[in-house]
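Now for the letters of each chain:
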Amino acid sequence: MSDSVPPPLSAAEALRLADRADTAARQPGEMPRWYGPAFACAFTAYGLGIGHVIETGQLAMIGGIAAGFAALTGVLARIAMRSDGIVRKGLPDNIGGPVAVAVLAVCAASAAGMLLAWQAGGGPRWIGAAAGLAAGLTFWVGTVRLNRRVRRLYEAG
């Protein structure tokens, strides 16, 4: 029986190991699988709700629907953050541009959905639902792409 003790690490090896551990700790995990579909459904329900209150003339409810949407999406984002699906320790440099492009894509998709539903003769409910669905699906795709980009930036840096 031998009591073999591994040799101590050199200072360079210890620093390299610590750097790898720090990089791994900061790297975001994969987005939870439910995140994109949940947001797509939330956007669709929001658009449908807004379309409904416009069609029924209950415009005072728009603020309540917007507050409900903000609360729901805030809870979904918080749950995703707790499951390590989002960047844990700050965003990497040079991510502001891609985030701005993703936000603009969601807005453009929503407008395109509204236009298509309107051209098809849809009423406010259909127009709102189409806008919400287009925005939700675009948000889903955008978050998947941004998550991949952030992961690549952390791996490269």
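Residues numbered from 1 in each chain as written. Predicted model: local features only at pLDDT ≥ 70, side-chain atom pairs only at ≥ 80, totals over all residues. Heavy atoms only, no water.

## A few points about the overall build of the chain
Along the chain, the regular secondary structure elements total 5 helices and 0 strands. Along its sequence from the N terminus, the chain presents helices and strands in the succession α-α-α-α-α. In the chain, buried positions account for 29% of the 157 residues. For the chain, long-range pairs separated by at least 24 residues make up 82% of all intrachain contacts whose partners lie at least 6 apart in sequence. As presented, the chain carries roughly 10200 Å² of accessible surface, and 66% of it is formed by carbon and sulfur atoms. (Helix = DSSP H or I, 4+ residues; strand = E, 2+ residues; numbered from the N terminus. Buried < 20%, exposed > 50% of the residue type's maximum accessible area, 1.4 Å probe, protein only. Contact = heavy atoms within 4.5 Å. Areas by Shrake-Rupley, 256 points an atom, 1.4 Å probe, with all protein chains shown as cover.)

## Quick word on the environment of Val106
Turning to its location among the elements, Val106 is positioned in helix H4 (residues 96-119). Taking the relative accessible area as the measure of exposure, Val106 reaches 13% and is therefore buried. Measuring from C-alpha to C-alpha, the distance between Val106 and Ala131 comes to 9.6 Å, with 25 residues separating the pair along the chain. Dropping the residues within four chain positions of it, Val106 is found in contact with Phe43, Ala135, Thr138 and Phe139.

## Concerning the packing of aromatic side chains
Across all of its chains, the model carries 7 aromatic pairs by this definition. Aromatic side chains Tyr35 and Phe139 sit 6.4 Å apart centroid to centroid with 40 degrees between the ring planes, which places their arrangement in the tilted category. Linking Tyr35 in helix H2 (residues 35-56) with Phe139 in helix H5 (residues 124-156), this pair joins segments that are 104 residues apart in sequence. On the accessibility criterion, Tyr35 (7% relative accessible area) is buried. (Phe/Tyr/Trp six-rings, centres within 6.5 Å; stacked < 30°, edge-to-face > 60°.)

## Quick word on the pattern of salt bridges
This model, assessed by the stated rule, comprises 1 salt bridge. Residues Arg125 and Glu55 are paired through a salt bridge, measuring 3.5 Å at the closest nitrogen-oxygen approach. With Arg125 in helix H5 and Glu55 in helix H2, the pair connects residues that are 70 residues apart, well separated along the chain. (Salt bridge = Lys/Arg side-chain N within 4 Å of Asp/Glu carboxyl O.)

## Considerations on a nonpolar patch on the surface
A surface patch of nonpolar side chains, amounting to about 270 Å² of accessible area, comprises Trp34, Val75 and Ile79. Turning to its location among the elements, Val75 is positioned in helix H3 (residues 62-82). The exposure class of Val75 is partly exposed, given its relative accessible area of 46%. (Patch = residues over 30% accessible without salt bridge, like charges linked within 9 Å, V, L, I, M, F, W, Y side chains within 5 Å.)

## Some thoughts on the nonpolar core
Counting residues in each nonpolar core, the largest one holds 10 residues, listed as Met31, Tyr35, Phe39, Ala42, Phe43, Phe69, Leu76, Ala80, Val106 and Ala135. Elements with a minimum of two residues in this core: H2 and H3. Considering every element that reaches this core, the biggest residue donor is H2, with 4 residues. Once you skip the residues sitting within four places of it in the chain, Ala42 turns out to touch Phe69, Leu72 and Thr73. Counting 5 residues, the second-largest nonpolar core is a separate cluster that includes Ile95, Ala102, Leu146 and Val150. (Core = buried A, V, L, I, M, F, W, Y, C linked by side-chain atoms within 4.5 Å.)

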